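# Notes for the structure review
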There are 2 protein chains.
Amino acid sequence: MKSDLDLLMQEHNMDALLVVGPGQHNPAMVYLTGGAHLTSAFLIKKRGSPPVLFYNSMERDEAAKSGFRTINLDTYRLQKPPEKTDNDGLHLMVSRFQMMFKDAGLSSGRVAICGQSDAGMAFAVFSALQAASPDMTLVGEAGEALLLQAMATKDSVEVERIRRVGQTTVAVVGQVADFLTSHRVKDGILIKHDGSPLTIGEVKNQINLWLAERGAENAQGLIFSSEYDAAVPHSTGSSSNLLRLGKTIIFDIYPCELGGGYFYDLTRTWCLGYAPDGALALYEDVLDVYNQVTYTLKPGIPFRTYQELACEVFKARGHVTIQENPLTEEGYVHNLGHGVGLHVHEKPFSRHNSQAEELLEPGVVFTVEPGLYYPQRNLGVRLENTLWMRPNGQVEILAEYPLDLILPMK
Amino acid sequence: MKSDLDLLMQEHNMDALLVVGPGQHNPAMVYLTGGAHLTSAFLIKKRGSPPVLFYNSMERDEAAKSGFRTINLDTYRLQKPPEKTDNDGLHLMVSRFQMMFKDAGLSSGRVAICGQSDAGMAFAVFSALQAASPDMTLVGEAGEALLLQAMATKDSVEVERIRRVGQTTVAVVGQVADFLTSHRVKDGILIKHDGSPLTIGEVKNQINLWLAERGAENAQGLIFSSEYDAAVPHSTGSSSNLLRLGKTIIFDIYPCELGGGYFYDLTRTWCLGYAPDGALALYEDVLDVYNQVTYTLKPGIPFRTYQELACEVFKARGHVTIQENPLTEEGYVHNLGHGVGLHVHEKPFSRHNSQAEELLEPGVVFTVEPGLYYPQRNLGVRLENTLWMRPNGQVEILAEYPLDLILPMK
């Protein structure tokens, strides 16, 4: 939890965090600042002290909203090296970081680096900064790990923000269901007022519109896929595809707050009008796994225990799973779930982790999303909700929506 | 230009590019793949060869849309080191990169790294990969530089994509103008049908909605600021502020294609109903600089020459500029413009660059955006268009919209 940050820094033996990158769409920076509109900034948090935020002059008022001590980056009048070299730019960046460390009261120790940037520049700048700063140890792999560990459990403010995105999500899912079922049907295909067929591209535009109307953002895309596309878990759906009665549609929606804040994640599988036996049988197996898992969730259990449960139930019902065949493209081909927060996928994960058990502890917000996929039969079914494990260990769906397969046409 | 990539790799002495990160909202990856919906992928482009795209199994059909040779990352069955160490994760990532290099036919040479990732992980992984790969030289700072150099001039496909975003932008700007001017006014404040005042937050929601309706995305935010906020160039505007007749509004809108593609950038300054003399005087100075600059644009001239021209004209009219006082927060406090493409700000820049002259060459798409700011008088004015320098050296505004200051109320 965010309040554990100093403790986690101590456990990871870190004297400071250095966060780089924009103030939005950058989970580490959003986590620490709350999401200020900064195109590029730096934040240094010493263990036991509040952060210092370094901003560009034009964004001084946005930076000030953070409530932190702020320093104008433009006050660092950078001295070019006496001889012009190929690496002038690197040299200037290194000396600016050294001035920032000084102003943040950091003269030695272990500094964890995190935040989004160009991978190559990060490698170049921090390699050069490390070489120029013998009293500091720059640690690359621990910063994200430490923050992801803090982020894995949410405080009540975070849960309410996720819940609000969840309410938006289910409201839009309901609008989509109404929209689809109120269409006319001709030869088994949904038809618009003008007599032309409705396309998946049009449905997706409509979804983006309804999300924008409610102040949410579709930052990571959207899956609305049917027939063959639905049988490949992350295919997003072809824009020109039409909507046919009786075909499975996988609708996986994961919007976030405007500016790249907290996410919500939900999937429904729909058949318009009726469901053929094959789809219905898969749906019942997936629903059964969803129920068996969600009814048995308890605090303190590794998330992967439930992945194993899901594999066993699917296997008993005759499906291949990634437990027996990690490369299978048929049957149960993915993991059961993941944490949801400032990343649409974050800790805890239900996949096997060689480093550490990832537990379902009080405070986690996570998905349960079993699915079955048969590309050769053009069939895919997935059901997903986002759940919160309350401080008392009880589990709550943050935004309820019916799990029904069949959407009767109006 | 994109077609110069092999040539630029040769000039930069690079044998290959390694691009990391998601397929969307990641300019380097979008540039090379066109923008496939890949949550995380890798791309290796050897000089003189087409790219190889490494994808996660579930995204195989999205990866295939790139048309490149694709390799499923899940086929790399990673061997854990015999002894469990703290750095298992790093070790696995390093050995996977080594297998990817091998499969891409790369056994030695200089590899430029680019693409978005966590800065700390990039520093850690590429430091470890470099240590484990003595025959390779991983270069951090050149990859982005090389791509930014290629991106600085656009081919006709790119220009048409930017033009289309521009058309969307001016259509939405027109909707906003109509929306504002059709409100009732009471005591100088814009009032909604229900009698309550219109807020800037409501205007921004409406803008996001109209952008979504037209299939564009507001990926980097939006500036719609009035009074004091308008006098600080990058303040985005306070949601609760009301709209008053005669106050300057700075409306800076920079949407992109859905999924983080090409951007457009436009700013207008508006006074609703009437403009007070102070605002009008600033507007005339800004418009004069805008016109003097755009009428004299010629191919092959450094962009900063026009920044110098802007400073001279502003100075002659009695304004302080960053040329005399780089820290000024009053007067002309920023640069004249920047390139626009897969980044809202990219090469060429009009600011002084110690490394290389940035020229306005045929093919560049760039902004001209003079402005004046007086925070103590609650006044700010900026005008901005996005221009394309055609292959013949002529300059064209990619989407026209009137520069008028005053929006008469209907």
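What comes next concerns the included structure. (Residues numbered from 1 in each chain as written. Chains lettered and ligands numbered in written order. Predicted model: local features only at pLDDT ≥ 70, side-chain atom pairs only at ≥ 80, totals over all residues.)

Take the interface of chain B and chain A next. At the interface, 51 residues of chain B touch 51 residues of chain A. Those elements giving two or more residues to the side of chain B that touches chain A turn out to be strand S1 (16-21), helix H3 (60-64), helix H4 (88-103), strand S5 (109-114), strand S6 (116-118), helix H5 (119-132), helix H6 (141-151) and helix H8 (200-213) of chain B. At 8 residues, the largest contribution of residues to the side of chain B that touches chain A is made by H5 of chain B. Partitioned by chemical class, the residues of the side of chain B that touches chain A number 18 nonpolar, 22 polar and 11 charged. (Contact = placed C-beta atoms within 7 Å. Helix = DSSP H or I, 4+ residues; strand = E, 2+ residues; numbered from the N terminus. Nonpolar A, V, L, I, M, F, W, Y, C, P; charged D, E, K, R; others polar.)

Right, let's talk about the relation of the copies chain B and chain A for a bit. Its rotation angle being 180°, the transformation that places chain B on chain A also includes 0.0 Å of axial translation and leaves an RMSD of 0.0 Å. The operation mapping one copy onto its partner corresponds to a two-fold rotation axis. For chain B, the residue whose C-alpha comes nearest the rotation axis is Phe 123 of chain B, separated from it by 2.1 Å. A shared binding surface is used by both copies, with 100% of the interface residues of chain B retained as interface residues in chain A. (Least-squares fit on C-alpha atoms with pLDDT ≥ 70 in both.)

This part is about the pairing of strand S22 (residues 385-389) of chain A. All names here are of chain A. Among the 5 residues in S22, 4 count as buried, and that is most of the element. Pairing of strand S19 (residues 365-368) with S22 involves 4 bridges; the strand directions are antiparallel. Each bridged residue has a counterpart across the sheet, and for Val 368 the counterpart in S22 is Asn 385. (Buried ≥ 20, exposed ≤ 12 C-beta atoms within 10 Å, placed from the backbone. Pairing = 2+ DSSP bridges.)

For the bond running from Lys 347 of chain A to Pro 348 of chain A, omega is 0°, close enough to zero to count as cis. Topologically, Pro 348 of chain A is positioned in strand S17 (residues 346-349). Here the phi dihedral of His 25 of chain A falls at roughly 50°; this positive angle occurs in a residue that is not glycine. Tracing the sequence through the fold places His 25 of chain A in the loop between strand S1 (16-21) and helix H2 (27-33). A positive phi angle, close to 50°, is found at Asp 187 of chain B, a residue other than glycine. On the secondary structure map, Asp 187 of chain B appears in the loop between strand S8 (184-186) and strand S9 (189-191). Judged by C-beta crowding, with 8 C-beta atoms within 10 Å, Asp 187 of chain B ranks as exposed.

This part is about the sheet that holds strand S7 (residues 136-139) of chain B. Taken in spatial order, the 6 strands of this open sheet run S4-S3-S2-S1-S5-S7 (chain B), and their pairing is mixed. Strand pairing shows two members of the sheet lacking a second neighbour, strand S4 (69-72) and S7 of chain B, which therefore form its edges. Recorded for the sheet is a direction-independent mean angle of 20° between the axes of neighbouring strands. Docked against the sheet, helix H5 (residues 119-132) of chain A engages S1, S5 and S7 of chain B, running at close to 110° with respect to S5 of chain B. The strands that H6 of chain B touches are S1, S5 and S7 of chain B; relative to S5 of chain B, the one it contacts most, it runs at about 70°. (Axes fitted to C-alpha atoms, helices over the stretch in contact; angles between N-to-C directions.)

Take the packing of helix H9 (residues 277-296) of chain A against helix H10 (residues 303-316) of chain A next. Residues and elements named next belong to chain A. Two numbers describe how H9 lies on H10: the axes approach to 10 Å, and their chain directions differ by 145°. The crossing of H9 and H10 is right-handed. Facing H9, whose interface residues are Asp 285, Asp 288, Val 289, Gln 292 and Val 293, H10 presents Tyr 306, Leu 309, Ala 310, Val 313 and Phe 314. In the contact of H9 with H10, the residues fall into 7 nonpolar, 1 polar and 2 charged. (Left-handed = near helix turned anticlockwise from the far one by under 90°.)

Core analysis: the largest hydrophobic core is formed by 249 residues, its most contacted members being Val 19, Ile 113 and Phe 123 of chain A together with Val 19, Ile 113 and Phe 123 of chain B. Those residues in contact with Ile 113 of chain A that lie beyond four places of it in its chain are Leu 18, Phe 126, Leu 138, Val 139, Gly 140 and Gly 143 of chain A together with Ala 119, Gly 120 and Phe 123 of chain B. (Core = buried A, V, L, I, M, F, W, Y, C linked by C-beta atoms within 7 Å.)

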